[in-house]
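# A closer look at the structure
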Amino acid sequence: MTITRCCHIAITAALCIATHLSAQTEWPRVVATPGVSISAESANLSALSFVSVSRNGTIAVGQPQDSRVRFFSPMGADLGSFGRHGAGPGEIGYLSPTISVWSGDSLWVGDNALQRWTLITPSRTLAKTIKPPTYLTFQRSPGVPVRIGGSWLRGVVGGDTLLAVGMRIDDDRKYWGAAVRMRLDGTPLGIVGEALSDGNRSDCTMVGSSRPGLAVAIPYCPISNMVFAPSGDRIVFTSVTLAQQSRGAFTLTVLRSNGDTIRSHEYLVPTDVLDAKEFDAKVSAFPTQVSAGLKGARAPGRYPPASSALMGWDGSVWIGQEGKTDRLWVIIDSAGREAGQFRIPKSVHLWSVGTDKVWGVSEAENGAESVVSYVVAWRH
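Throughout what follows, the structure given in this document is the object of discussion.

Calculation criteria
- Residues numbered from 1 in each chain as written.
- Predicted model: local features only at pLDDT ≥ 70, side-chain atom pairs only at ≥ 80, totals over all residues.
- Heavy atoms only, no water.
- Helix = DSSP H or I, 4+ residues; strand = E, 2+ residues; numbered from the N terminus.
- Rg over C-alpha atoms; globule rule 2.2 N^0.38 Å.
- Buried < 20%, exposed > 50% of the residue type's maximum accessible area, 1.4 Å probe, protein only.
- Contact = heavy atoms within 4.5 Å.
- Areas by Shrake-Rupley, 256 points an atom, 1.4 Å probe, with all protein chains shown as cover.
- Core = buried A, V, L, I, M, F, W, Y, C linked by side-chain atoms within 4.5 Å.
- Pairing = 2+ DSSP bridges.
- Axes fitted to C-alpha atoms, helices over the stretch in contact; angles between N-to-C directions.
- Polar contact = N/O pair within 3.5 Å; in protein donor to acceptor, adjacent residues only side chain to side chain.
- Phe/Tyr/Trp six-rings, centres within 6.5 Å; stacked < 30°, edge-to-face > 60°.
- Lys NZ or Arg CZ within 6 Å of the ring centre and 35° of its normal.

Within the protein, the regular secondary structure consists of 3 helices and 29 strands. Compactness check: the protein gives a C-alpha radius of gyration of 20 Å against a globular reference of 21 Å for 380 residues, within 12% of the reference. By its C-alpha atoms, the protein is 55 × 55 × 45 Å across when sized along the principal axes. Across the 380 residues of the protein, 53% fall into the buried class. For the protein, restricting intrachain contacts to residue pairs at least 6 apart in sequence, the fraction spanning at least 24 positions comes to 49%. As displayed, the protein has an accessible area near 16,400 Å², and 51% of this comes from carbon and sulfur atoms.

Time to look at the nonpolar core. Grouped together as the largest cluster of nonpolar side chains are 28 residues, with contacts concentrated most on W108, W117, L153, V180, M226, F228 and I235. With 5 residues, the top contributor of residues to this core is strand β13 (residues 144-158). L252, V269, A309 and I332 belong to the second largest nonpolar core, which has 18 residues in total.

The next subject is the sheet that holds strand β5 (residues 59-63). Strand order in the open sheet formed by 4 strands is β4-β5-β6-β7, with antiparallel pairing between adjacent strands. Both outer strands of the open sheet, β4 (50-53) and β7 (78-82), are each paired with one neighbouring strand and no more. On average, adjacent strands in this sheet sit at an angle of 20 degrees to one another, irrespective of strand direction. Sheet analysis places β5 next to strand β6 (residues 68-72), joined by 5 bridges and oriented antiparallel. Within β6, the residue paired with A60 across the bridge is F71.

What follows deals with the sheet that holds strand β25 (residues 326-332). Taken together, the 4 strands give an open sheet; going across it, the order is β23-β24-β25-β26, and neighbouring strands pair in antiparallel fashion. This sheet does not close on itself; its edge strands, each paired only once, are β23 (308-311) and β26 (338-345). Adjacent strand axes in the sheet meet at a mean angle of 20 degrees when their direction is disregarded. Here strand β24 (residues 317-322) pairs with β25 via 6 bridges, running antiparallel. Its bridge partner lying in β25, I319 is registered against V330.

Below, the discussion takes up the environment of H380. Position of H380 relative to the elements: it lies in the segment after β29 (369-376). For H380, a relative accessible area of 66% gives the class exposed. Once the C-alpha coordinates of H380 and S42 are considered, the two residues, 338 residues apart in sequence, prove to be 35 Å apart.

Mapped onto the secondary structure, S373 falls in strand β29. At 2.8 Å, the side chain of S373 forms a polar contact with the backbone oxygen of V36. If we skip the residues at most four places from it in the chain, S373 touches T33, P34, G35, V36, K357, V358 and W359.

A word on the side chain of T121. Examined against the element boundaries, T121 turns out to sit in the loop between β10 (116-120) and β11 (126-130). Side chain to side chain, T121 and S123 meet in a polar contact 3.0 Å long. In contact with T121, not counting residues within four places along its chain, are S106, L126 and A127.

What follows concerns the pairing of β23. Looking along a regular strand, one sees the side chains alternate between the two faces of the sheet. Sheet topology note: the β23/β24 ladder contains 4 bridges and is antiparallel. Across the sheet, the residue bridging to L310 is W318, located in β24. Where β23 folds back onto β24 in an antiparallel hairpin, the turn is made up of 5 residues, including G315, whose phi is positive at roughly 90 degrees.

Another point: the packing of aromatic side chains. Under the definition given, this model contains 5 aromatic pairs. Summarising the aromatic geometry, the rings of W318 and F342 are spaced 6.0 Å apart at their centres and angled 75 degrees between planes, so their arrangement reads as edge-to-face. Note that W318 is positioned in strand β24 and F342 in strand β26, a separation of 24 residues in sequence. Look at W318 and you get buried, because its relative accessible area is 3%. Judged by relative accessible area, F342 falls into the buried class, the value being 4%. On the numbers, 6.0 Å between centres and 75 degrees between planes, the contact of W318 with W378 is edge-to-face. With W318 in strand β24 and W378 in the segment after β29, the pair connects residues that are 60 residues apart, well separated along the chain. Taken together, W27, F250 and Y267 form an aromatic cluster joined through their ring pairs. Seen from the ring of Y135, R147 lies directly overhead, with NZ or CZ sitting 3.8 Å from the centre.

Note that all results are geometric; they support no functional claim without further evidence.
This is how it looks when you write it as structure tokens:
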């Protein structure tokens, strides 16, 4: 499960987060100029599962179709590749779309099929492969164990200390995404924060369908995110209620890697009004067994204000949202200030913030995916 796309933030009460409305509602308009691009045709790229940029600008892209990680220079020159399909050393069963974590100039990638993590050296050779525990058990308080399943790497704090995400089920059968600290050998260190799965929300995300026991998400309902700084020192949660979405607001909470709260603010962003006809068309496109359960669903009045989130090496947070004709991105600097807003074509999905560019994938009408970048002149 991809935690960054499916968590409604309900950080544990022990974190004592104080949320307040940001006084500034006018975001500076900034210019996003197309930068370096890596053409799908010229570089022979297949469908991509991730784009990840190191602190020094090295670009890594995942190609699950052939189980390869391709590397490029900051200017787009081909540096070589790592991996092939298989289960042996240096081989990958299925390249996970959710794990690409830099540790200095080396890159960790995840293998969903083999349930393991692989560390690739700067020379694109195998450094090590580890298989994390299926479950991690933490002690929230004496005598109260908390079991987290399916841990997936998200950051390297330093030495052999890692950040990962997993899932737990509480006594009410509700699912929680958990950010945890652990050792490289699998030793659990602590729970940093938790987020209630959007699938357990009742305000608009899940409703019954014509098939008993099947629940489906109402299109365009609030989406929450959990993202990790590439430097491994911060974690960001975004949360949106239906009431917040109606006025274009979301809450952003920033934690240190030990779980301490840095800040929590509510931000107001420009959002497009959602056309009821577009909503109906989206519902009608689902299979009958799903759409039947959505016929009485009420369309949210606006597009979600925070559909995706990224974090830069400098601690800046980039929040993206869907729109009628394009994608709006807003930038929040490392101090929590509104630093800029810009729009890019709807065909471009941003995936990684480098030191001087933001990188993503542009999908052509024929489905080919090219790597693209933008130079954004925002207020640092």
